Amino acid sequence: MRRIRVTVPGESLGVVEEYIPGDGVLESGGIITSKYHGILKENNNRISVEPFKKHIFPPRVGEIALGEIRGADRNSFLVHLVAIVRPRRGLLAPPVVATMSKRPANLGVRPSDVVLVKVESIKGGQVTVTLAGSHELGVIRSFCPHCGTPLVKGVGFTLICPSCGKIFLEKKISSKYGWNPFRDGLIKYVERKR
Ligand SMILES: [Zn+2]
């Protein structure tokens, strides 16, 4: 299972000593940054960004969204919402920055976890999301904090690192763990060239 990395404009992707800049990136002072919201592609050591094609409008309360945990503060997690999965389907461009409170149902996630969340409230432009509710809400992809390998689902609510064998019990795992809405074609995101 390959990790999909969603980039935002201006995000630093690497340095010219490591990579050859391809399409959809800018190089300045040896630093390579993304030009688009899109998907990072690596081919040998050439990196490029394929921009998202289909954009939709702001999320609505009650919708199910795909997001990535990007950070945390004292009371909440920072979640970048990149797509609406249900009932509408499409990309959020630019990604919507949401917060998710550190209530028990939401605990256990860490930055880089990919999550299915429900939009809980939108007040004054501030979007809050939650993992509480149906079985599909929760972590759909997670990576070993020790070695970076994608974790696989074990029995019940366990995730296992196939590389170093560590077991993780603390996350709310989605019934769709491992599902990739991009690869399955549920969300058409790539601007087809060639
Ligand atoms: Zn590991």
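Residues numbered from 1 in each chain as written. Predicted model: local features only at pLDDT ≥ 70, side-chain atom pairs only at ≥ 80, totals over all residues. Heavy atoms only, no water.

*Asks:* I tried to follow the side chain of Ser34 on my own but got confused; where do I start?
*Replies:* With respect to the helices and strands, the residue Ser34 is situated in strand 5 (residues 31-34). Judged by its relative accessible area of 2%, Ser34 is buried. Discounting chain neighbours no more than four positions away, the residues touching Ser34 are Thr7, Val8, Pro9, Gly10, Glu11, Leu13, Gly24 and Val49. (Helix = DSSP H or I, 4+ residues; strand = E, 2+ residues; numbered from the N terminus. Buried < 20%, exposed > 50% of the residue type's maximum accessible area, 1.4 Å probe, protein only. Contact = heavy atoms within 4.5 Å.)

*Asks:* Looking at this structure, I do not really get the confidence of the model for the protein. What am I missing?
*Replies:* The predicted coordinates ought not to be read in detail in places where the model reports low pLDDT. When pLDDT is averaged across the protein, the result is 85; 88% of the residues are at 70 or more. A low-confidence stretch, residues 188-194 stays under pLDDT 50, and its non-local contacts, those more than four residues away or across chains, total 16 contacts. (pLDDT = per-residue confidence, 0-100.)

*Asks:* Teacher, can you tell me more about the coordination of the zinc ion here?
*Replies:* Coordination angles at a metal have ideal targets, namely 109.5 degrees for four tetrahedral donors and 90 or 180 degrees for six octahedral donors. Only Cys144 (SG), Cys147 (SG), Cys161 (SG) and Cys164 (SG) from the protein coordinate the zinc ion, and they sit 2.3 Å from it. Taken together, the four donor atoms coordinating the zinc ion and their angles of 100 to 127° define a geometry best described as tetrahedral. Written as a sequence motif, the donor arrangement for the zinc ion is C-x2-C-x13-C-x2-C. Relative accessible area serves as the criterion here: at 3%, Cys144 is assigned to the buried category. (Donors = N, O, S within 2.8 Å, 3.2 Å for Na, K, Ca; no water. Tetrahedral: all angles 85-135°; square planar, octahedral: opposite > 155°, others 65-115°.)

*Asks:* How should I be thinking about the sheet that holds strand 15 (residues 152-153) in this particular structure?
*Replies:* Sheet strands line up and pair through hydrogen bonds in the backbone, either parallel or antiparallel. The three strands lie next to each other as 15-16-17, forming an open sheet whose pairing is antiparallel. The open sheet terminates on both sides in strands that have one partner only, identified here as strand 15 and strand 17 (167-168). The pairing of strand 16 (residues 159-160) with strand 17 spans two bridges and is classified as antiparallel. Directly across from Leu159, in strand 17, lies its bridge partner Phe168. (Pairing = 2+ DSSP bridges.)

*Asks:* Explain empty space enclosed by the protein here, please?
*Replies:* A water-sized probe rolled over the atoms picks out the places where empty space is left. Scanning all chains against the criterion turns up two cavities of 30 Å³ or more. Size it by volume and the second largest cavity reaches roughly 30 Å³. What lines the second largest cavity is simply Val6, Val8, Glu68, Arg70, His80, Val82 and Pro95. Contributions of two or more residues to the lining of the second largest cavity are made by strand 9 (64-72) and strand 10 (76-86). Among the residues forming the lining of the second largest cavity, the class breakdown is four nonpolar, one polar and two charged. (1 Å grid on protein atoms, 1.4 Å probe; cavity = no way out; pocket = protein on both sides within 12 Å on 5 of 7 lines; lining within 4 Å. Points joined across faces, edges and corners; volume = space filled by probe spheres on them. Nonpolar A, V, L, I, M, F, W, Y, C, P; charged D, E, K, R; others polar.)

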